[in-house]
Amino acid sequence: MNNLQVVDHPLIKHKLAIMRNKDTGPKEFRELLNEITLLLTYEAARNLPTVEVEVETPLENTKGEMVEDKKVTIVPILRAGLGMLEGVLSLVPNACVGFLGVFRDPETLNAVEYYEKFPPLTEDHQIFIVDPMLATGHSMNHAIKEVKKHGGNNITIMSLIAAPEGVEVVLDENPDVKIFTAALDRQLNEKAYILPGLGDAGDRLYRTK
Ligand code: URA
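Asks: Got a minute to help me understand the site of the ligand in this structure?
Replies: Close contacts around the ligand come from Arg-104, Met-133, Ala-135, Ala-192, Tyr-193, Ile-194, Gly-199, Asp-200 and Ala-201, and that covers them all. A distance of 2.7 Å is found between an oxygen atom of the ligand and a backbone nitrogen or oxygen belonging to Ile-194. Contact distances for the ligand include 2.7 Å between an oxygen atom and a backbone N or O atom of Ala-201. Surface burial for the ligand is 89%, taken as the share of its 230 Å² of free accessible area covered by protein chains. When its residues are assigned to classes, the shell around the ligand shows six nonpolar, one polar and two charged.

Okay, here's the thing in structure tokens:
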């Protein structure tokens, strides 16, 4: 699949192995998610457009290239996506941020939206939707639909762990998006948790269980 990139760098593998460990506590879990997000962003941002700028060095004038970071929008899917927000923002500090709150109905496993606040989006915005666990793909497809409804067009997804089922659901409905993930795991279980996965990312970030 051309639109799926597993960024399987040794440093990412190392950090992810610690995150998967059930004994890793929330402080370390948050720090590692932030560090992996930095590494994922480095890859996912590779094709961001740049504009030429004039720069005066101490010796002479030259040209440089800069990312139009005000035209980058990050959309964390609440709540676990918040764990990736600061990582992206630290590399693209002037990006806009749109928030989308979605939970998974435990019966139907469908995405249910409870909060939405987007900045104005235009076709030339580069949009990064972030959610550590790409499981069924329903929340992600909902997020993509909302971003497109608001005028967004160039969409990149960043996740920590993806399930093959979720990747298929997202790319079937949205062949135009690109997915960057640190790992592609085996499968979903009957409750739509990723196996082997790392459990509930939101609970592990914020110690809600
Ligand atoms: N969300 C999580 O936090 N973990 C999973 O395994 C699947 C969805």
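Anyway, onward from the coordinates.
Asks: In this structure, what is going on with the packing of aromatic side chains? I would like to understand it.
Replies: Two aromatic rings, taken as a pair, are described by how far apart their centres are and by the angle between their planes. Going through the model one piece at a time under the given rule, you end up with one aromatic pair. One residue, Arg-104, lies across the ring of Tyr-193, its end atom 5.2 Å from the ring centre.

Asks: Can you walk me through the packing of helix α1 (residues 10-20) against helix α2 (residues 26-44) in this structure?
Replies: For any two helices packed against each other, the geometry comes down to the angle between their axes and how far apart the axes lie. Put simply, α1 and α2 touch, their axes get as near as 10 Å, and they point 155° apart. Between α1 and α2, the angle falls in the class roughly antiparallel. In this structure, α1 crosses over α2, and the sense of that crossing is left-handed. For the pair formed by α1 and α2, the contact residues are Leu-11, Ile-12, Lys-15, Leu-16, Ile-18 and Met-19 on the first element and Glu-28, Phe-29, Leu-32, Leu-33, Glu-35, Ile-36 and Leu-39 on the second. A per-class count over the contact of α1 with α2 returns 10 nonpolar, no polar and three charged.

Asks: I keep staring at unusual backbone geometry and nothing clicks. Help me out?
Replies: Both trends apply: most residues other than glycine have a negative phi, and most peptide bonds are in trans. That bond from Leu-78 to Arg-79 is cis: its omega, 0°, falls within 30 degrees of zero. Examined against the element boundaries, Arg-79 turns out to sit in the loop between β4 (72-78) and α3 (82-91). Here the bond from Leu-195 into Pro-196 is cis, since omega is -5°, no more than 30 degrees from zero. Mapped onto the elements of the fold, Pro-196 is located in the loop between β13 (194-195) and α6 (201-206). Positive phi is not limited to glycine here, since Arg-207 has a value of about 45°. Summarising the element assignment, Arg-207 is placed in the segment after α6.

Definitions and limits used
The residue numbers shown here count from 1 along each chain, following its written sequence. Reporting of local features is limited, given that this is a predicted model, to residues whose pLDDT is at least 70; pairs of side-chain atoms are given and counted only at 80 or more, and all residues count toward the totals for whole chains, interfaces and linings. Water and hydrogen atoms play no part in the side-chain values, which are based on all heavy atoms of the structure. We define proximity as follows: a residue is near a molecule or strand when any one of its heavy atoms falls within 4 Å of that partner. Pairing of N or O atoms within 3.5 Å defines a polar contact, subject to two protein rules: one partner must be a possible hydrogen donor and the other a possible acceptor, and residues neighboring in sequence count only if both atoms are side-chain atoms. For accessible areas, the Shrake-Rupley method is used with a probe of radius 1.4 Å. Any residue's cover is judged against the shown protein chains and nothing else. Each residue is assigned to one of three groups, with Ala, Val, Leu, Ile, Met, Phe, Trp, Tyr, Cys and Pro labelled nonpolar, Asp, Glu, Lys and Arg labelled charged, and all others, Gly among them, labelled polar. Working definition: a ring pair exists when centres of Phe, Tyr or Trp rings (six-membered ring for Trp) sit within 6.5 Å. Plane angles under 30 degrees give stacked, over 60 give edge-to-face, the rest tilted. Put simply, a charge is over a ring when the Lys NZ or the Arg CZ is close to the ring centre, within 6 Å, and near the line of the ring normal, within 35 degrees. Orientation is described by lines fitted to C-alpha atoms, with helices fitted over the stretch in contact, and by angles between N-to-C directions that extend from 0 to 180 degrees. Put simply, DSSP marks the helices as runs of H or I at least four residues long and the strands as runs of E at least two long, and each gets a number from the N terminus on. An angle below 35 degrees is treated as roughly parallel, one above 145 as roughly antiparallel, one from 65 to 115 as roughly perpendicular, and anything else as oblique. Should the near helix be turned anticlockwise from the far one by less than a right angle, the crossing is termed left-handed; should it be turned clockwise, right-handed. In what follows, a contact means two residues having at least one pair of non-hydrogen atoms within 4.5 Å.

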